[in-house]
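Residue-level structural notes
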Amino acid sequence: MSNSTLRGQQDLAHPLYVYVGAFVDELQRAGVRNVIICPGSRSTPLALVFADQPDMRVWMHVDERSAAYFGLGMAKRLRQPVALLCTSGTAAANFMPAIVEAKLTHVPLLVLTADRPHELRDNGAPQSIDQNRLYGTYAKEFVEVALPEATDAALRYIRTLAARAAASVRANPAGPVHLNFPFREPLTPELVSGQSLPPVARGDAWQGRPDNAPYVEVQAASPGSPAGATIELLMEMVRRARRGLIIAGPHDDPALAESVARLARRLGYPVLADPLSQLRCGSHDRDMILSSYDAFLRIDAFSESAQPELILRFGAMPASKPVLLYLKRYASCPLVVIDGYGGWEEPTQLASQLIHVNPVALCQGVLAALDRSIEREEPQPSVNQEWVAMWREAERVTRRTLERVIQDFDELFEGRVFTELAGLLPDGATLYTGNSMPVRDLDTFFGGSERHIRFMGNRGANGIDGLISSALGASAGAAESESTVLVVGDLSFFHDLNGLLAARLHRLNLTIVLINNDGGGIFSFLPQAAFPEHFEQLFGTPTGLDFRFAVQMFGGRFQRVEDWKQFREAVNLGRATGGLHVIEVPTERASNVRMHRQLWEATGRALNERAVGARD
Ligand SMILES: Cc1ncc(C[n+]2csc(CCOP(=O)(O)OP(=O)(O)O)c2C)c(N)n1
Ligand SMILES: [Mg+2]
């Protein structure tokens, strides 16, 4: 943004103005050109920055009701989003009639209301009304915007929010979107003469994307068939990027595996496949599908050398934290998120493109475009063999190391449940996995197989409740010959003990692997573990329960195993006899953390010895 008139009057390096400046800059990049402003004090930061933005035309109106109708008429005539801005209180309420009309006639109005900060709400402070969802169902979306901050994370957030809101008012059916901005005084912080921008303001997020590009380019292709322009955009990107990567998160369309695998092979883009993407198992080409990234992306030397030029992400956000950190490390790498649901499954605030399209249709569209370009003898994206080899070598070394070191553990190791199940589950089985450590261990320790295994989990809200019932529901939906196995922690098991009744009532087949570390094992991996005084009471929360009696009460068979041979026999027995089987794997929280760390260290050593990743 140009700071022409404001410089000298305002300290633009102040976090408030860095933040609001990023927001307005992003609206401008998204094509918003007109803002209707009504006078007021609380809205000062936005008003000043809008007035200072040379590509933005400011239209002043005293009466908010007329202002909003004026904006409505303009947005209708232009078929373009128009922004409205007012101060807090009844000013905002006066926007209502035009917002109603905009909703009913699909007019893209971006409604910005300034508000008191949270400490001045509902306590008699002047000009303060409840502005949360003020326009009710007449706004397509409402966002209570975060208080201004100039951290990198906050600036990514506010840029993403602006791009998203500008796309959302336009998205079919167009209509009003309401953003409520709390501002804390001082609203015009004083100039500190000679002060330079704080370091964070010089980061990527403050600058925005190069060449005045939007922070996130939102493409709403029709769900069934991606528009030609979307395919063209991707073709242009893949032609340029020789170090490409695909990340596949939770997704339940069985057709995705085949098309992503073909695209990956064709482009030479390795695929980091979350188990719930359904890409790890099956008869499709699995050469490019990687499953041990959660371990090898922790190794700094590897991640450092694996700088990508393009990332395509399908499905929801994967569970793996190292994947998230890898994305953050390469924050300026183009990240294309393909979101088939038309929402915003992009929590990283790093996406440069967000495409609302069916992922299978998109892969097929790109593959067809690649075929056509061969026929036309156009230059082809060439596979970067060295890049592919580096990732596959990391995968091979890591998987081998994990499997070898796991064999040497004397105690029962929680992760081994999944290496064992990978060998035991028959074709057509469903593996339901509980939250907390089980879903993370599934990610690291269940490689892949040619057999079709359906992976399920409750990863929408990640609750530790209802897992027994969910898995029993899945079992009820399966054919008699298809096994269903649930792997769940002891607190999750306790949480849904009542759910066991359904197995008895409906004569269902379910094998439950109950990983019993007597409490919340996940917390031992978190910084809370460094506070031993209250750790067990608040986080560890052991119950000391013997679940045998509960299982027997519900008519199930309970077996506590002492070694992996017994485990294998128990899983096979469950399959052979049907009914409800609970196999308890007793483990210990402290040693579980130790063994995980040993595995990550061993992976690091093995990769470093082979200098995987170091060659380019
Ligand atoms: C309904 C619900 N309550 C609380 C939480 C917070 N929480 C996340 S993991 C966890 C501990 C789970 O323990 P357990 O099921 O034994 O798995 P472990 O951590 O031992 O692998 C808790 C309490 C949650 N996710 N859902
Ligand atoms: Mg537990």
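Preceding this paragraph is the structure being described.
This report concerns the structure included in the present document. (Residues numbered from 1 in each chain as written. Chains lettered and ligands numbered in written order. Predicted model: local features only at pLDDT ≥ 70, side-chain atom pairs only at ≥ 80, totals over all residues. Heavy atoms only, no water.)

So, about the side chain of Thr419. Examined against the element boundaries, Thr419 turns out to sit in helix α15 (residues 416-424). Owing to a relative accessible area of 19%, Thr419 belongs among the buried residues under this scheme. (Helix = DSSP H or I, 4+ residues; strand = E, 2+ residues; numbered from the N terminus. Buried < 20%, exposed > 50% of the residue type's maximum accessible area, 1.4 Å probe, protein only.)

A word on the pairing of strand β4 (residues 109-115). In summary, the side chains of a regular strand alternate between the two faces of the sheet. In terms of burial, β4 is largely enclosed, as 7 of its 7 residues are buried. Every second residue of β4 is oriented toward a common face, with Leu109, Val111, Thr113 and Asp115 on one face and Leu110, Leu112 and Ala114 on the other, all of them buried. Sheet analysis places β4 next to strand β6 (residues 177-182), joined by 6 bridges and oriented parallel. Of the residues in β6, the one forming a bridge with Val111 is His178. (Pairing = 2+ DSSP bridges.)

Think of a pair of aromatic rings as described by two things: how far the centres are apart, and how the planes are tilted against each other in angle. Using the criterion set out here, one finds 17 aromatic pairs in the structure. Ring plane angle 25° and centroid distance 5.8 Å describe the contact between Phe181 and Phe183, whose orientation is recorded as stacked. Both residues of the pair, Phe181 and Phe183, belong to the buried class. Pairing Trp564 with Phe567 gives two aromatic rings, centres 5.3 Å apart and planes at 75°, and the pair type is edge-to-face. Here Phe567 and Trp564 lie together in helix α22 (residues 564-577), a separation of 3 residues that amounts to about one turn. Ring pairing ties together the aromatic residues Phe296, Phe302, Tyr326, Tyr330, Trp387 and Trp391, which thus form one cluster. If you follow Arg209 out to its NZ or CZ, it ends over the ring of Tyr215, 4.3 Å from the centre. (Phe/Tyr/Trp six-rings, centres within 6.5 Å; stacked < 30°, edge-to-face > 60°. Lys NZ or Arg CZ within 6 Å of the ring centre and 35° of its normal.)

Let us look at the sheet that holds β6. Taken in spatial order, the 6 strands line up as β2-β1-β3-β4-β6-β5 in an open sheet, and their pairing is parallel. Each having just a single partner strand, β2 (57-60) and β5 (141-144) make up the two edges of the open sheet. With strand direction ignored, the average angle separating the axes of adjacent strands in the sheet is 20°. Alignment of strand β3 (residues 82-86) against β4, held across 5 bridges, turns out to be parallel. Counted as the bridge partner of Ala83 is Leu110 from β4. Packing against the sheet, helix α3 (residues 64-78) makes contact with β1 (34-37), β2, β3 and β4, and its axis sits at approximately 170° to β3. Taken strand by strand, helix α6 (residues 152-170) contacts β4, β5 and β6, and its axis lies near 155° from that of β6. (Axes fitted to C-alpha atoms, helices over the stretch in contact; angles between N-to-C directions. Contact = heavy atoms within 4.5 Å.)

Around ligand 1 sit 18 residues in total, of which Ser436, Leu491, Ser492, Asn517 and Gly521 are the nearest. Backbone polar atom of Met437 to an oxygen atom of ligand 1: 3.2 Å apart, as the coordinates give it. In the environment of ligand 1, an oxygen atom lies 3.0 Å from a nitrogen or oxygen atom belonging to the backbone of Gly519. Here ligand 1 has 590 Å² of accessible area as a free molecule, and 74% of this is covered by the chains. Counting residues per element, the ones that place at least two in the shell around ligand 1 are α16 (437-445) and α18 (490-495). (Near = heavy atom within 4 Å. Polar contact = N/O pair within 3.5 Å; in protein donor to acceptor, adjacent residues only side chain to side chain. Areas by Shrake-Rupley, 256 points an atom, 1.4 Å probe, with all protein chains shown as cover.)

Here the focus is the pattern of salt bridges. Oppositely charged side chains can pair when the atoms bearing their charge come close. All told, the structure shown has 29 salt bridges when counted by the stated rule. Across the pair Arg266 and Asp371 runs a salt bridge whose closest N-O atoms are separated by 3.1 Å. Note that Arg266 is positioned in helix α9 (residues 256-267) and Asp371 in helix α13 (residues 359-375), a separation of 105 residues in sequence. In this structure Arg266 comes out as partly exposed when scored by relative accessible area, which is 26%. Linking Arg560 and Glu584 is a salt bridge whose minimum nitrogen-to-oxygen distance equals 2.3 Å. With a gap of 24 residues between them, Arg560 in strand β18 (residues 557-560) and Glu584 in strand β19 (residues 580-586) connect regions that are remote in the sequence. Taken together, the salt bridges that share partners define one network made up of Asp25, Glu26, Arg29 and Arg159. (Salt bridge = Lys/Arg side-chain N within 4 Å of Asp/Glu carboxyl O.)

To continue, consider helix α5 (residues 96-105). Each full turn of the α-helix corresponds to 3.6 residues, which orients residues three or four apart in the same direction. Within α5, burial applies to Ala98, Ile99 and Ala102. All buried residues of α5 fall inside an arc of 100° around its axis, so they share one side. On the buried face of α5, the contacting elements are α3 and β4. (Arc of directions from axis to C-beta.)

This part takes up the coordination of the magnesium ion (ligand 2). Here the magnesium ion (ligand 2) is held by Asp490 (OD), Asn517 (OD1) and Gly519 (O), and the distances to it run 2.0 to 2.1 Å. Within one chain, the residues serving as donors to the magnesium ion (ligand 2) are arranged as D-x26-N-x1-G. Here Asp490 is found in helix α18, whereas its partner Asn517 is found in the loop between β17 (510-516) and α20 (532-540), with 27 residues between them in sequence. The class of Asn517 is buried, set by a relative accessible area of 8%. (Donors = N, O, S within 2.8 Å, 3.2 Å for Na, K, Ca; no water.)

Glancing now at unusual backbone geometry. Each neighbour pair has its own omega, and for Asn172 with Pro173 the value is -5°, a cis peptide bond. Here Pro173 is to be found in the loop between α6 and β6. Although it is not a glycine, Arg133 sits at a positive phi angle of roughly 50°. Within the secondary structure layout, Arg133 lies in the loop between β4 and β5. Positive phi outside glycine occurs at Asn462, with the angle close to 60°. By secondary structure assignment, the location of Asn462 is in the loop between β15 (453-457) and α17 (467-477).

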